[in-house]
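Coordinate inspection notes
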Amino acid sequence: MISADGAIRAVVPGRARITVVAGDVQAISDVTVVEGEPRAVAFGLEFQGLTDVSLLGAWADAESPHAFAVGQNGVVLHSAGGAWSLQSTGTTETLVGIWGTDASNVYAVGTGGIILHFDGTTWSRMPSPTTEILLEVYGFGRDEIYATGVNGIILRFDGTTWRLVHSGTDWELWGLWGTSPRDIFAVGQNGRIVHFDGNAWTPMTTPSTTPLFGVWGSDSRDVWAVGVNGRMLHYDGTAWQIEPTPTSRNLFAIWGLSANEIYAVGNTGEVVRYDGSSWRSIVSSGSGENLRAVSGDNAGGVVVAGWDGTVVRGKGNVWKVEVSAPTFVSVWGPGGGDETAYAVGGGGVIYRRGPMGWSPMDAPPSHPLYGVAGTGPLNIVAVGDTGTILRFDGTRWTSETSPRAVLLRSIWFANPTQAFVVGDRGTILSSTPGGWRSMTSPTEGFLRHVWGTAANDVYAVGDSGTVLHYDGNAWTTMPTPTKELLRGIWGTGRNDIFAVGEAGTILRYDGTRWYTMSSPATKALRTVWGTGPTDVFAAGEDGMLLRFDGATWTALRSPSSRLLIQMWGAGATGSLYLVGISATIVRSP
């Protein structure tokens, strides 16, 4: 509304173009009109994992439902048959191995020679005769327990005191198992296998120099060892031999329920099973995380632990992720009133938000995923490392071929048939009816995010302040006022676009130029999204949340102190979702 004297009395909140004419002189200015009172916004924590550390050891009690998993920063997870919980250990040393006689007599070992004991209630530190890294612990009763580690370290516990029984060699022993105190096998570096007969530890002749990480047997004449590149060795009581393997992925642990049912676990969710005659990869473990430990439970199955605080339990081809905290890197949903959403991230995980909350989906084993977007519930694409492209048709995820085997970081759909993907080495891909094709890129730098208003108005941001623009014909570099790494881009239209990045950097594009905005942040901003020109949000390190009301950026209270990596919003009246490390999902309203 303009008064008789030419004064502007009212303008609808948002972006407005003001044209002033005085005789032959005309001036045009784009302005942002701020609401008198911006709408109240509150973010809440919707989902978060227990811990995102790498779990390196697991032990389950064969006589009770109790199970334990240990890992970095002194983390111990415990389940008494139900939900998993964190136990206090009083240490930040990395715990690598765990074993017990029962649920009230459990031992864990790790870096700095640490030895912990659990009495059913409390973890306490035991005197240790070494400061060397201990890698595994295994025993035959309360007064006959052994631990192995680097530099030939072998310890024995007699029920009262831990003592050094061997050291001073170049042995690095990762796996430990035996039938009795007079028949113990330890495996490790360079294919080393040593045997204890009750009197001395003696190196055994082996047919491989490949590092070995795990060992288990059904008896002294049926012993298996696994290691790098899927290496499998078998001992028949006389000699070790190389056995055929169904995988080339590193295998880190092995455990058997019987001579005819043995499981070995390893990288990218690999689980292989021996049925008494041959080894086969199972269809899916339910996780793409690197798996590091396995132990038999009291229900006739196995408990498996791995990266990102992941614990999987199963048998045969039936597996379930019981707890996990992968880093979520990207989030997207169909919108239109549908509160379904998808989050992707570390270990190739894909989680879906349904009526019962967030849960993992079955998907082809893949590398870490970094971007997800779609046009509706029947057309969703996730992209990731080594050229990974997965598509969901509403029923299942399937793999598609990428023209470049590089890290693909972000995807944006212009319409149901045309999508743009950006990634490492300046990679830009576009979808076509016949598949994906590479586009000519004006940079070799890492492109971190892509977004646009239409198929002929697309933007990509990346390293050293890079902003690229696609006009429907070619990608060109736009001048920007910063050399800071840019990680996120979003806008309300062709003449109102925001980009954020390192050191709290916030840029805005007005249709003519990019300029720097005053920012209350000094730490990295990873993402930007909004519902309109007077309602824009940015987030990043330490759970930082900012809001722009059309005039000023201000800090908001955040429900999380963890790194927030990407944001997505379901339209002007829908929810905003933020995802980050430790399976963190923040939502508003």
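The sections below set out a description of the structure shown in this document.

Another point: the overall build of the chain. When helices and strands are tallied, the chain shows zero helices and 58 strands. By principal-axis analysis of the C-alpha atoms, the chain measures approximately 105 × 50 × 45 Å. Out of the 589 residues in the chain, the part that is buried amounts to 55%. Across the chain, the fraction of contacts at a sequence separation of at least 24, relative to all contacts at a separation of at least 6, is 40%. Surface accessibility of the chain: about 23,700 Å² in total, with carbon and sulfur atoms responsible for 48%. Of the charged side chains in the chain, 39 are positive and 51 negative, and the gap between their average positions amounts to 4 Å.

As a further point, take the nonpolar core. Residues Trp397, Ile411, Trp475, Trp514 and Trp553 are the most contacted members of the largest nonpolar core, which totals 86 residues. Setting aside anything within four residues of it in sequence, one finds Trp553 in contact with Phe498, Ile506, Met517, Ser518, Pro520, Val536, Phe537, Ala538, Leu546, Arg547 and Phe548. Listed in part, the 58 residues of the second largest apolar core include Trp99, Ala108, Ile114 and Phe118.

Next up on the list: the packing of aromatic side chains. Any two aromatic rings considered together are summarised by their centre-to-centre distance and by the angle between their planes. A complete count under the given rule lists 43 aromatic pairs for this structure. Considering the side-chain rings of Trp177 and Phe185, the 6.3 Å spacing of their centres and the 25° angle between planes classify their relative orientation as stacked. Classification of Trp177 as buried rests on a relative accessible area of 6%. On the basis of relative accessible area, Phe185 is assigned to the buried category, the value being 1%. With 4.9 Å between their ring centres and 55° between their planes, Trp224 and Tyr274 make a pair best called tilted. Residue Trp224 is located in strand E21 (residues 222-227), and its partner Tyr274 is located in strand E26 (residues 271-274); the two are separated by 50 residues in the primary sequence. Considered together, Trp224 and Tyr274 belong to a single accessibility category, that of buried residues. An aromatic cluster is defined as three or more aromatic residues linked by ring pairs; in this entry it consists of Trp99, Tyr138, Phe140, Tyr146, Phe196 and Trp201. Looking at Arg292, its charged tip hangs above the ring of Phe252, at a distance of 3.5 Å from the centre.

Reading the values: rules and limits
- Residues numbered from 1 in each chain as written.
- Predicted model: local features only at pLDDT ≥ 70, side-chain atom pairs only at ≥ 80, totals over all residues.
- Heavy atoms only, no water.
- Helix = DSSP H or I, 4+ residues; strand = E, 2+ residues; numbered from the N terminus.
- Buried < 20%, exposed > 50% of the residue type's maximum accessible area, 1.4 Å probe, protein only.
- Contact = heavy atoms within 4.5 Å.
- Areas by Shrake-Rupley, 256 points an atom, 1.4 Å probe, with all protein chains shown as cover.
- Lys, Arg positive; Asp, Glu negative; His and termini not counted.
- Charge placed at Lys NZ, Arg CZ, Asp CG, Glu CD.
- Core = buried A, V, L, I, M, F, W, Y, C linked by side-chain atoms within 4.5 Å.
- Phe/Tyr/Trp six-rings, centres within 6.5 Å; stacked < 30°, edge-to-face > 60°.
- Lys NZ or Arg CZ within 6 Å of the ring centre and 35° of its normal.

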